[in-house]
Amino acid sequence: MDVNTVARFSIHALCIMLLSIFAHVLRQFLPRSKSEPPIVFHWIPFVGNAISYGTDPFVFYSKCREKYGDIFTFVLFGRKMTVYLGLDGNEFILNGRLQDLNAEEIYSPLTTPVFGKDIIYDCPNAKLMEQKKFVKFGLTHDSLKSYVQLIEAEVLEYLQSTPSFSGSLGTVDITAAMAEVTIFTASRALLGAEVRQKLNAECAELYHDLDLGFRPINFLMPWAPFPQNRRRDAAHAKMSSIYLDIIAERRASGKKAPDGQHDMIWHLMDCVYKNGQQIPDLEITRMMITLLMAGQHSSSSSSSWIMLRLASRPDIAEELYQEQVSNLGRGGLQPLQYEDIDKLPLLQNVVKETLRVHSSIHSLMRKVKNPMHVPNTNYIITPDKVLVASPITTHMDTEFFPDAHVWDPHRWDAHEDEELEQDIVDYGYGKVSKGTKSPYLPFGAGRHRCIGERFAYINLCTIIATMVRTLKFATIDGRPTVPPTDYTSLFSRPTQPAVIRWERRS
Ligand code: HEM
């Protein structure tokens, strides 16, 4: 092709593109059916609002809410995403009927290559409910009780053996440190001593490779032959084989755990589905992988935010230390016990307030299966849509939380959790509060509600209590600021690196 032909061809292509953008924009200004929620304006077909949503979903939702109200539809790579904000939106989506709303169609492309087949979102919802029940009942009061000492020991060992914490003062990238600490604590507590031992050698790398599967691009192309997807698949196969070996050894020796300690693998080896089938070994291995990912992801982000907030407010960190001294004194601070956590209300409120301001999951999604009428409106949400709830918007709403943008753990001091009896429901994994009347839902609500809340609290409280009694913290420049949120991964987290100062307590 000569230069003129190429130039002519490029001009034609450009004209066609501009015309299609013009037609697309024009279509958005034509009158729409009254039963359709307003469409968020966007210039480019297919890509839609992906850039503004991906840059900062919370700001995007807030701006759209100002312009269109609580219900609006935006386009995300060709998908129509209908967002319904506020308490009514949370209720409509999170407590919607199973036949109308489906989580697995949305989440499965992303989660199945990481977690594996036949579990969580790669199986019918009734089976997921049974699996959630198995895990929830494995997190018994007794097991949670034993975790506190294990978690404390892991944190102390980390502080002693990690170069960035050697000496009496220094600086550390706290996001990297907390990612490591939480993978050690989650694996030691949830997955048992054998897995924790193996983790030192190779599993941390495997975990990292598996995590590559959670890139947002994988919502669209989980099968694409990118190097990170190949590493994800190899890591999944290797992790599975580690767990399969552990199960096989236990079956062969007739002992369910090496030291007789009742752990999650042992518990799952004993569980039986309603149809009388034992959980197949492969499914146990996949549930263990899921637990490690679920237990570590949000806890890593939450613990980093807590540490950054404490560095920006050393007065609150000091209050936390004094709370331990006065409430747990016992003649000097002794190793932490499970019962101690209940005696530390400010510590719990620091966790609670951080989960309010820094939710790591900003969009909870469900595929619409049947037309759904939105009560008190003309809107019908049709099955070509994905419904999106975003509890963080009520977390940050001044109607419910005065000065909502201010991180203030003391706002919870006089707060009593209300649980109305008529609000209790059992979706098949034990009784839970429906919860959607509450403006505070860091663990979601309804049938897909998180089962790890109690573990997350024990884990976070023990990690932070141990950090606070060992070290003091400050921001690098001494100012009360925290870094911006990074939304590039599916689970939002502080922008990395996030470096703080620390000083060992005498
Ligand atoms: C700070 C820590 C955590 C936070 C903020 C958190 C948050 C959430 C949220 C918001 C959901 C609902 C997702 C949806 O409705 O689409 C969820 C689901 C889930 N969480 Fe957590 N989580 C945390 C820790 C954990 C831990 C430690 C575990 C495991 C021990 C866990 C296991 C799960 C599982 C299995 C689901 C899926 C439930 C389903 O789809 O039915 N999470 N979590």
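Preceding this paragraph is the structure being described.
The structure presented is a predicted model; accordingly, all values stated were derived computationally and were not measured.

Participant: Hey, could you run me through the overall build of the protein in this one?
Facilitator: Looking only at helices and strands, the protein features 17 helices and 14 strands. The globule rule puts the C-alpha radius of gyration for 506 residues at 23 Å, and the 24 Å found for the protein is close to it. Counting the 506 residues in the protein, one finds 52% classified as buried. Put simply, of all contacts in the protein between residues at least 6 apart along the chain, 71% involve residues at least 24 apart. With the model as given, the accessible surface of the protein reaches about 23,600 Å², and the carbon-plus-sulfur share is 58%. Where the 54 positive side-chain charges of the protein centre and where its 57 negative ones centre are 5 Å apart.

Participant: What am I meant to see in the pairing of strand 8 (residues 385–389) here?
Facilitator: Successive side chains on a regular strand alternate, one facing one side of the sheet and the next facing the other. Most of strand 8 sits inside the fold, with five of its five residues counted as buried. The two faces of strand 8 match: Lys385, Leu387 and Ala389 on one face and Val386 and Val388 on the other face are all buried. Of the strand pairs in this sheet, strand 5 (residues 364–368) and strand 8 are connected by four bridges, and their pairing is antiparallel. Paired with Leu364 across the strands is Ala389, a residue of strand 8.

Participant: Can you help me understand the pattern of salt bridges in this one?
Facilitator: Two side chains that carry opposite charge are able to pair once their charged atoms sit near each other. As enumerated under the stated definition, the model contains 24 salt bridges in all. Note that Lys385 is salt-bridged to Glu36, the shortest N-O span being 3.2 Å. Linking Lys385 in strand 8 with Glu36 in the loop between helix 1 (3–29) and helix 2 (50–55), this pair joins segments that are 349 residues apart in sequence. By relative accessible area, which is 1% here, Lys385 ends up buried. The residue Arg65 makes a salt bridge to Asp397 at a minimum N-O spacing of 3.8 Å. Note that Arg65 is positioned in helix 3 (residues 57–68) and Asp397 in the loop between helix 16 (392–395) and strand 9 (424–426), a separation of 332 residues in sequence.

Participant: Got a minute to help me understand the site of the ligand in this structure?
Facilitator: Taken together, 24 residues form the shell around the ligand, and within it Tyr107, Tyr121, Lys132, Arg366 and Cys450 come nearest. Between His448 and the ligand, the recorded distance is 2.8 Å, taken from a side-chain N or O atom to an oxygen atom. Among the elements that take part in the shell around the ligand, helix 12 (residues 281–312) stands out by supplying five residues, more than any other. Taken together, the residues of the shell around the ligand break down into 14 nonpolar, six polar and four charged.

Participant: Explain the coordination of the iron atom of the ligand to me, please; I cannot follow it from the model alone.
Facilitator: Ideal geometry at a metal centre: 109.5 degrees between donors when four sit tetrahedrally, and 90 or 180 degrees when six sit octahedrally. Only one protein atom coordinates the iron atom of the ligand: Cys450 (SG), located 2.3 Å from the metal. Within the element layout of this structure, Cys450 appears in the loop between strand 10 (431–433) and helix 17 (453–470).

Participant: I tried to follow helix 7 (residues 141–161) on my own but got confused; where do I start?
Facilitator: Each turn of an α-helix holds 3.6 residues, which means side chains three or four residues apart point in the same direction. Taking 1.5 Å of rise per residue, 21 residues should cover 30 Å, and helix 7 covers 31 Å from first to last C-alpha, within 8% of that figure. The largest bend along helix 7 reaches roughly 25° and is located at Tyr147. Every buried residue belonging to helix 7 is among Ser143, Leu144, Tyr147, Val148, Ile151, Glu152, Glu154, Val155, Tyr158 and Leu159, and all of these are buried.

Participant: Looking at this structure, I do not really get empty space enclosed by the protein. What am I missing?
Facilitator: One simple way to see leftover space: roll a probe sized like a water molecule over the atoms. The final tally for this structure, using the stated rule, is three cavities of 30 Å³ or more. Here the largest cavity defines a volume of roughly 90 Å³. What the second largest cavity holds in volume is close to 40 Å³. Lining the second largest cavity are Gly138, Thr140, Ser143, Tyr147, His262, Asp263, Met264 and His267. Those elements that provide at least two residues to the lining of the second largest cavity are helix 7 and helix 11 (264–270). A breakdown of the residues in the lining of the second largest cavity according to their chemical character gives two nonpolar, five polar and one charged.

Participant: Which parts of the structure should I look at to understand the nonpolar core?
Facilitator: The tendency in soluble globular proteins is for nonpolar side chains to be buried as a group. In this structure, Leu310, Met467 and Phe473 are the most contacted members of the largest nonpolar core, which totals 140 residues. The element that contributes the greatest number of residues to this core is helix 12, accounting for 13 residues.

What counts and what doesn't
Residues numbered from 1 in each chain as written. Predicted model: local features only at pLDDT ≥ 70, side-chain atom pairs only at ≥ 80, totals over all residues. Heavy atoms only, no water. Helix = DSSP H or I, 4+ residues; strand = E, 2+ residues; numbered from the N terminus. Rg over C-alpha atoms; globule rule 2.2 N^0.38 Å. Buried < 20%, exposed > 50% of the residue type's maximum accessible area, 1.4 Å probe, protein only. Contact = heavy atoms within 4.5 Å. Areas by Shrake-Rupley, 256 points an atom, 1.4 Å probe, with all protein chains shown as cover. Lys, Arg positive; Asp, Glu negative; His and termini not counted. Charge placed at Lys NZ, Arg CZ, Asp CG, Glu CD. Pairing = 2+ DSSP bridges. Salt bridge = Lys/Arg side-chain N within 4 Å of Asp/Glu carboxyl O. Near = heavy atom within 4 Å. Polar contact = N/O pair within 3.5 Å; in protein donor to acceptor, adjacent residues only side chain to side chain. Nonpolar A, V, L, I, M, F, W, Y, C, P; charged D, E, K, R; others polar. Donors = N, O, S within 2.8 Å, 3.2 Å for Na, K, Ca; no water. Expected span 1.5 Å × (residues − 1). Bend = angle between axes of the 7 residues up to and from the residue. 1 Å grid on protein atoms, 1.4 Å probe; cavity = no way out; pocket = protein on both sides within 12 Å on 5 of 7 lines; lining within 4 Å. Points joined across faces, edges and corners; volume = space filled by probe spheres on them. Core = buried A, V, L, I, M, F, W, Y, C linked by side-chain atoms within 4.5 Å.

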